[in-house]
Amino acid sequence: MAAKRKMSASVLMDSKESYVKYLSVSSADIQSLASSTQILTSSPDQLTVQNISTAAQIASILLSSKNISQDIQLAAVTTVSQLLNASATNFSDKTVASTRSLTETLQNFSLRSENASSLVVQPNLAIQSLKINPIGITGVHLTAFSGLTDTFLPDRINVSYNDAVPQDQFPFDVQMSINFKGIPGAGANASTDINIGFVLYNNDQFFRSKQFTVSLNTKRRVISGNLGENNILDSVRFNLRNPNLSSMSIQDFACVFWDYKLGDWSTEGCKKVTTSFNSSNFSGSLACSCNHTTNFAVLMSFSQNYDYSEALGVISIVGCALSVAGLVITVLFQILTRKSRGVSPTLLMVNICVSMTIFYLLFIFGINNPVQHTAASAPSQTNSIPPSDVHEDMDQGPCTAMAALLQYFLLATFTWSTLYAAQIFFMIKNAISGPPRNFNTFSIAAGWGFPAVIVGISLGATYRPNEPLNYRQEEFCWLAALTPNMTFDVQKPMFWGFLLPLALMIFLNIAVLFYFALTICRTTQSLNSTQVPPFRKKLLSSVSLAVVLGVSWIIGYFMLLSVDPIQHNILTYAFCLCNTTQGVQIFVLFTLRTKIFKEKFSIFRNSIPAPEVSVHRMSYHLWPIREEDPLENYRSTDFDQQVPNHMDDLMENPA
């Protein structure tokens, strides 16, 4: 039977004329239509734009009809409640007319009670109708208390009169007071009964604003207060509980009503109230006052509770400082020893060290945001609609510039390392001719130009002075990666402006590393056993290449994908240790272990006069007299030098 009703309603909802004709038949058929529409909307995730529009029109017509049974009313109200669960993306310009008619119908429906009190409650919709004699009454209060669920319940909605404030063990969600004119305590000057109606919406799906942008998953309840005789209205006051968000605080809010002529929220006739109701249950609420009745809401703008803790630990500071020192020495060594090594300094190695040194320095002194923002201590007194539910301060410059520089020099480091890998590949593949003729020129253009293009695109696509956090983070001067709901966002520049190009370069570097390791591990038939380099030298050569290519950064990707807290912490420490000391590793493998460096350092040490101590006319040298080292003949090729044309040179260690 339910399937038949669902099919019947589905057919009706595909035609705007069918259900109108349906209402001209018997009450049983109307009951069947109401039940069928309720069944169809019971799966809100499957509703289309057309379904929502037609179901809203059916519910509006049913609730506008007079002398309908309570079962039909309940089915129509249930349909409306279920429509409020539909996806926000299915509410568009095509549903504006039907939802507008529906909300106006609900306002009128709340004023049609023939009884003293009538309450219809569904999870997302509550309608309270009252019929009272205003003599001796200064105001009517409707309070919806919080419960164990985030929906409306009949026992959580309370009506009180005059100054009586309802008490409950739960805090309130929404409260509205309709105050009458007249001398306080004497009541309103009226002798006839009046109708009062309240409508509570659990969200603002039917009130789609164009001037207020929504990006958070916070709920904005809408409350409608209606009075049959507006000439006795003094004011309408409503309170909404301050939502407790662990990571965000209210920056500002606006007291608004839905302007049907404007088709959007408006603040006309409404103002903020500095004091709330005199009850402990209402502490921390947002209070408003308006001089008319309609649909009201509070539009809140939140700011993130930022944690400006220090970004660098002891491991990072010590590792980066040692890396800077090691890289500076490596650059000087490459330049000063070019004649004794018989070759010019490798362009690629020098540029890798320079870009990495600048990155380390920027990281040490600029990763922390020098401008720290705090949430507003109290909302402003001006009642103006915020542009968005997320508040962002205007960019003050230094942190954005630092984030762009960090992005540039880190990408430059990996670009140069990828070019270094390409050079190694060409030297293995073309042992005689080596890299292409214009490889150095291409390397300079690509090494410094490619990162500039990525940074320029990132800034142009995401950065705006009034929205700096689309490009960078607030706590640290680095690329933005998360949404306001703290979920990873692939549209942020952290993904496509850093992780994606970095992953591509690391993949290429790893491919060259495997190709290099496979090449040096082969045993050439023309070589005898005494000419084959030992396994230790082969392994050290591969490790040296892995270090300069930045392969250890792959740990960061595993760290991002890790969900286990213990595993995540282990990967975090490993990532920090490996990459903050990358400069030290380059210094040890490509400078400290080389024969030329050892010779130069020995000459430098011996050039310093040793102090002498005279005892009984005898002189003792504190340093031993240097003896001539026996002559040794061996060949060495650094990866930072031009690799000779023979394959066995590639297998030798930089030392």
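In this report, we go over the structure that sits alongside the text. (Residues numbered from 1 in each chain as written. Predicted model: local features only at pLDDT ≥ 70, side-chain atom pairs only at ≥ 80, totals over all residues. Heavy atoms only, no water.)

1. Notes on the overall build of the protein chain
- Across its full length, the protein chain carries 17 helices and 15 strands.
- Total accessible area computed for the protein chain in this model is approximately 32,900 Å², and 59% of it derives from carbon and sulfur atoms. (Helix = DSSP H or I, 4+ residues; strand = E, 2+ residues; numbered from the N terminus. Areas by Shrake-Rupley, 256 points an atom, 1.4 Å probe, with all protein chains shown as cover.)

2. With respect to the sheet that holds strand 8 (residues 233-241)
- The sheet built from six strands is open, its strands ordered 4-3-5-8-12-11 with antiparallel pairing. Bordering the open sheet on either side are strand 4 (157-161) and strand 11 (270-273), each of which pairs with just one other strand. Looking at each pair of strands side by side, their axes are set apart by 20° on average, direction ignored.
- Bridge analysis of strand 8 against strand 12 (residues 285-290) gives six bridges, and the strand direction is antiparallel. By the bridge assignment for strand 12, Arg-241 is matched with Ser-285. (Pairing = 2+ DSSP bridges. Axes fitted to C-alpha atoms, helices over the stretch in contact; angles between N-to-C directions.)

3. Digging into a nonpolar patch on the surface
- Together, Val-328, Leu-332, Ile-335 and Leu-336 line one region of the surface with nonpolar side chains, adding up to about 370 Å² of accessible area.
- Overall, the relative accessible area of 35% leaves Ile-335 in the partly exposed class. (Patch = residues over 30% accessible without salt bridge, like charges linked within 9 Å, V, L, I, M, F, W, Y side chains within 5 Å. Salt bridge = Lys/Arg side-chain N within 4 Å of Asp/Glu carboxyl O. Buried < 20%, exposed > 50% of the residue type's maximum accessible area, 1.4 Å probe, protein only.)

4. Some points on the sheet that holds strand 9 (residues 248-259)
- A sheet is described by the order of its strands in space; here seven strands give the open sequence 1-2-6-7-13-9-10, paired in antiparallel fashion. Both outer strands of the open sheet, strand 1 (117-122) and strand 10 (264-266), are each paired with one neighbouring strand and no more. Strand-to-strand twist across the sheet, computed as the mean angle between neighbouring axes with direction ignored, equals 25°.
- The sheet contact formed by strand 6 (residues 194-201) and strand 7 (residues 222-227) spans six bridges and is antiparallel. Bridge assignment links Gly-197 to a residue of strand 7, and that residue is Asn-226.
- Against the sheet, helix 5 (residues 70-83) touches strand 1 and strand 2 (125-132), its axis set at about 45° to strand 1.
- Strand contacts of helix 6 (residues 96-109): strand 2, strand 6, strand 7 and strand 13 (295-304), with the helix running at about 35° to strand 2, the strand carrying the most contacts. (Contact = heavy atoms within 4.5 Å.)

5. Considerations on the state of the cysteines
- Taken as a whole, this structure holds three disulfides when the rule is applied.
- One disulfide in the model links Cys-255 with Cys-288; its S-S distance is 1.9 Å. Across the disulfide from Cys-255 to Cys-288, rotation about the S-S bond amounts to roughly -75°, and the bridge is consequently left-handed. Of this pair, Cys-255 sits in strand 9 while Cys-288 sits in strand 12, placing them 33 residues apart in sequence.
- With relative accessibility at 0%, the residue Cys-255 sits in the buried group.
- When the cysteines engaged in disulfides are numbered in sequence order, the protein chain pairs them as 1-3, 2-4, 5-6.
- Free of any disulfide, Cys-578 has its nearest cysteine sulfur in Cys-576, 9.4 Å distant. (Disulfide = S-S within 2.5 Å.)

6. Re the packing of aromatic side chains
- Per the counting criterion, the structure on display carries 21 aromatic pairs.
- Aromatic side chains Phe-488 and Phe-495 sit 6.3 Å apart centroid to centroid with 80° between the ring planes, which places their arrangement in the edge-to-face category.
- You can call Phe-495 partly exposed: its relative accessible area is 27%.
- Taking the centre distance of 6.1 Å and the plane angle of 90° together, the rings of Phe-587 and Phe-597 count as edge-to-face. Of this pair, Phe-587 sits in helix 15 (residues 582-592) while Phe-597 sits in helix 16 (residues 595-606), and the two are 10 residues apart along the sequence. (Phe/Tyr/Trp six-rings, centres within 6.5 Å; stacked < 30°, edge-to-face > 60°.)

7. Looking at the packing of helix 10 (residues 439-462) against helix 11 (residues 493-521)
- It is at 10 Å that the axes of helix 10 and helix 11 come closest, and there the two elements cross at 175°. In this view, helix 10 runs roughly antiparallel relative to helix 11, as classed from their interaxial angle. Across from Ile-454, Ile-457, Ser-458, Ala-461 and Thr-462 in helix 10, the residues of helix 11 making contact are Pro-493, Trp-496 and Gly-497.
- The residue makeup of the contact of helix 10 with helix 11, split by class, is five nonpolar, three polar and no charged. (Parallel < 35°, antiparallel > 145°, perpendicular 65-115°, else oblique. Nonpolar A, V, L, I, M, F, W, Y, C, P; charged D, E, K, R; others polar.)

8. Overview of the pattern of salt bridges
- Following the criterion strictly, the structure yields 10 salt bridges and no others.
- Among the salt bridges present, the one from Arg-100 reaches Glu-104, with a minimum N-O distance of 3.8 Å. Pair noted here: Arg-100 and Glu-104 are both in helix 6, with a separation of four residues, about one helical turn.
- Judged by its relative accessible area of 30%, Glu-104 is partly exposed.
- In this structure, Arg-241 and Asp-173 form a salt bridge, with 2.7 Å as the shortest nitrogen-oxygen distance.

9. Points about the nonpolar core
- Counting 65 residues, the largest nonpolar core has Tyr-420, Trp-478, Phe-498, Leu-545, Val-548, Trp-553 and Ile-586 as the members making the most contacts within it.
- When residues in this core are grouped by element, the largest group, 16 residues, is from helix 9 (residues 398-429).
- With residues up to four places along the chain from it excluded, the contact list for Ile-586 reads Leu-327, Thr-330, Met-349, Cys-353, Met-356, Val-547, Val-548 and Thr-591. (Core = buried A, V, L, I, M, F, W, Y, C linked by side-chain atoms within 4.5 Å.)

10. Brief notes about helix 5
- The terminal C-alpha atoms of helix 5, which comprises 14 residues, lie 20 Å apart, in line with the 20 Å expected from a rise of 1.5 Å per residue.
- Of all 14 residues in helix 5, 11 are buried, a share of seventy percent or more.
- Listing the buried residues of helix 5 in full gives Ile-72, Gln-73, Ala-75, Ala-76, Val-77, Thr-78, Thr-79, Val-80, Ser-81, Gln-82 and Leu-83.
- Contacts made by the buried residues of helix 5 are with helix 3 (27-40), helix 4 (49-64), helix 6, strand 1 and strand 2. (Expected span 1.5 Å × (residues − 1).)

11. Here's the deal with the packing of helix 9 against helix 10
- Two elements in contact, helix 9 and helix 10, have axes whose closest approach is 9 Å; the angle formed by their N-to-C orientations is 145°. Crossing hand, helix 9 versus helix 10: right-handed.
- A per-class count over the contact of helix 9 with helix 10 returns 20 nonpolar, seven polar and no charged. (Left-handed = near helix turned anticlockwise from the far one by under 90°.)

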